[in-house]
Structure formats: C-alpha cells, structure tokens
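Close look at the chain arrangement
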Amino acid sequence: MIFAQREGSLRQPHESKIYSEFSHLYDKIFSRFFCKRIATVIRSLSIPPGAKVLEVGVGTGLSLSAYPPHCEVTAIDLAPEMLEQARQKVIEHGWRHFRLLRMDALNLEFPDNSFDYVTSFHVISVVPDPVRMMREIHRVCRPGGKIVIINHFRTTKPVLGPLVDALDPLTRHLGWSASLRLSQAFAGVPLVIEKQFKTSPFSLFTVVLAHNRKEVTTDGVMH
Amino acid sequence: MALSKELLEILVCPQCKGEIELTATQDGLICHACKLLYPIKDDIPVMLIDEAIRLE
C-alpha cells in the first residue's frame, strides 16, 4: 500500500487534508478543472430575481462569481479553512447576495421547502453518506424547485469501471471517492432528472439537472 | 456579511430543529429550548451541535 489506511475501513474522503491544511492551494490546483464548467452551468439556469439558492459544499467559493447578484445565495461548507477562502472572495468583491454558514451537508439546518434552487458541485463523492445528502437536498428544495449536481460518477463501461474502482482507495486519500454511481446517489429520492450530460466528450464529470417531484396534497402534507 | 432577517427566519437549531435567535451582541445564535449557543465566527455561523456552547 502506498498509504496507511485506518483499521479495517477506508478513510472517509472528506477527512482528507486537502480540505483543511491545503485549502489555500485548492483554488490553484482545482480552479482550472472545475471553474469554467460550474460557471457555464450556473449561468445556463437563468436564475430569476429574488430566487433563493442554496449551494451545498461551497468550498473556497470557486462558483460564487457565476451567481447573478439579483438572487439570494446561502452557501454552506463543513471545513472552516475552505469557508474562510470563500469569505475573503465575498469581501474582496463586495458581494452582498451571499450568506456563508458552517454546516454539515448531511444535516441541513433549514425547514423543508426553503429554497428554489439547490446546487452542489464536486461534493457528493466527498461526503460519507451520499444518499442522505441527496435526501436533505430534496427536503429543503421546494416542490418544483431545481436541483443541480456536478460530479464524477463511476462509468458503467465494462472495462473502465473496474479500473476506476481499483483507484478508489487512492482518490479517497486525496479527498474523494471514484466509485460512486449516479443511480446509487439518487436511489429512492423523488427527483425528475431533466438533463444529464457532459460538457465535453472526454469530461470526467457529469452535470445533472433535476426538478423536485415533491408534491403538496390538499391536506398540506409533502410527499 | 451580516445575517439577513430572511436567513435568520429559516435557520433552525441543529439539535431540536426549533427556532433560534441572534444574541444581542450578534456573535451567536441561541436556542432557548436546548440552552445552546451556536457561535458566529468571522461572520460565519457555526451550525454544528459539537461546536455549540452550553448555556447554564
């Protein structure tokens, strides 16, 4: 093994030092891989004035510049070092449409149906329980609201899939799981996937645009 | 980056999911039911039970 594993279990991706000790290097390393795609996707949403947006796992705030100033964005992350980088960006640009909170993506401390849009970029393969994160996103998104996820999901191709699985211990060490399947993450969450695409044929990452199928019945109960 | 009134209205206590209130000094959010103070550090509320301060 090229690195030490914890007794009997794989390291959780979010425990990687990349999200704490190396937060100041994160932008330098990752902005070229992530930034343009995220910005293109956010702009394509044409978020209307006054819309309430939640970004889950905002990290160092690579996405923030793409949100139109006429919407209200609440952005959360668990790592204080990453949030500090995001806060600096908000201050430097004088942005007034962001609120940053330290919160766990698996326990979103908002009531049901609080947001019109919920976005999350390159987070779901980092959290210890992806299905729970999707359930929380679904819960806080209003009925008919939009959910936008960008992530690497394991390919369904017969040769490449197992190869990627073999790399999973290494990528976990670096800070993410490579073996998460899209179907796994969305299992049992009542969402309608409107679009699922890659921004280029060779991209490792999939963009998923979904709307919340949650309905309000006449008794006022959400389903 | 002051906390907006709208955000305060929708934030809930991580423990009981009930209402929370901004302290007079604006340096934390209090859940009176749980007697917990969630600190606001560098303008960022820390909405984590593990980091909450127990009020006597």
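Now for a look at the structure at hand. This is a predicted model, so every value here is computed, not measured. (Residues numbered from 1 in each chain as written. Chains lettered and ligands numbered in written order. Predicted model: local features only at pLDDT ≥ 70, side-chain atom pairs only at ≥ 80, totals over all residues. Heavy atoms only, no water.)

All names here are of chain A. The sheet built from seven strands is open, its strands ordered E3-E2-E1-E4-E5-E7-E6 with mixed pairing. Single-partner strands in this sheet number two, and they are strand E3 (98–102) and strand E6 (191–197). Averaged over all pairs of adjacent strands, the angle between strand axes in this sheet comes to 20°, irrespective of strand direction. Both strand E1 (residues 52–56) and strand E4 (residues 115–121) contribute to a ladder of three bridges, which runs parallel. Looking across to E4, one finds that Glu55 is bridged to Thr119. Relative to strand E5 (residues 141–151), helix H3 (residues 130–140) is tilted by about 145°, and along the sheet it contacts E1, E4, E5, E6 and strand E7 (206–212). (Pairing = 2+ DSSP bridges. Helix = DSSP H or I, 4+ residues; strand = E, 2+ residues; numbered from the N terminus. Axes fitted to C-alpha atoms, helices over the stretch in contact; angles between N-to-C directions. Contact = heavy atoms within 4.5 Å.)

The partner chain B presents 19 residues to the 18 residues of chain A that form the contact. For the pair chain A and chain B, the summed buried area comes to about 1600 Å², and 66% of that belongs to carbon and sulfur atoms. On the chain A side of the interface with chain B, the three residues burying the most area are Arg99(A), Arg102(A) and Glu109(A), jointly 42% of the side's total. Taken together, chain A and chain B are joined by three salt bridges. Across the pair Arg87(A) and Asp43(B) runs a salt bridge, and its minimum N-O distance is 3.6 Å. At the junction of chain A and chain B, the tally comes to six residue pairs in polar contact (both at pLDDT 80 or more). If you list the elements that add at least two residues to the side of chain A that touches chain B, you get helix H2 (80–93) and E3 of chain A. The leading source of residues in the side of chain A that touches chain B is E3(A), at five residues. (Buried area = accessible area lost by both parts, 1.4 Å probe. Salt bridge = Lys/Arg side-chain N within 4 Å of Asp/Glu carboxyl O. Polar contact = N/O pair within 3.5 Å; in protein donor to acceptor, adjacent residues only side chain to side chain.)

Within H3(A) the residues assigned to the buried category are Pro130(A), Met133(A), Met134(A), Glu136(A), Ile137(A), His138(A) and Val140(A). For H3(A), the secondary structure elements touched by its buried residues are E1, E4, E5, helix H5 (182–185), E6 and E7 of chain A. (Buried < 20%, exposed > 50% of the residue type's maximum accessible area, 1.4 Å probe, protein only.)

All names here are of chain A. By secondary structure assignment, the location of Arg37 is in helix H1 (residues 23–44). A residue is classified by how much of its surface remains accessible, and Arg37, at 15% relative accessible area, is buried. If sequence neighbours within four positions are ignored, Arg37 has contacts with His122, Ile150, Thr199, Ser203, Phe205 and Val207.

This brings us to the pairing of strand E3 (residues 36–41) of chain B. Residues and elements named next belong to chain B. The buried count for E3 comes to five of six residues, which makes it a mostly enclosed element. Across four bridges, strand E2 (residues 28–31) lies against E3 in antiparallel orientation. Residue pairing for E3: Leu29 is matched across the bridge by Tyr38. As defined by bridge partners, E3 adjoins strand E5 (residues 53–54) across two bridges and the pair is classed as antiparallel. Note that in E5 the partner of Leu36 across the bridge is Arg54. The pairing of E3 with strand E4 (residues 44–45) spans two bridges and is antiparallel. Pairing of Ile40 across the sheet is with Pro45, part of E4. Hairpin connection from E3 to E4: two residues lie between these consecutive antiparallel strands, with Asp42 at a positive phi of about 50°.

The values reported here are purely geometric and, on their own, carry no functional implication.
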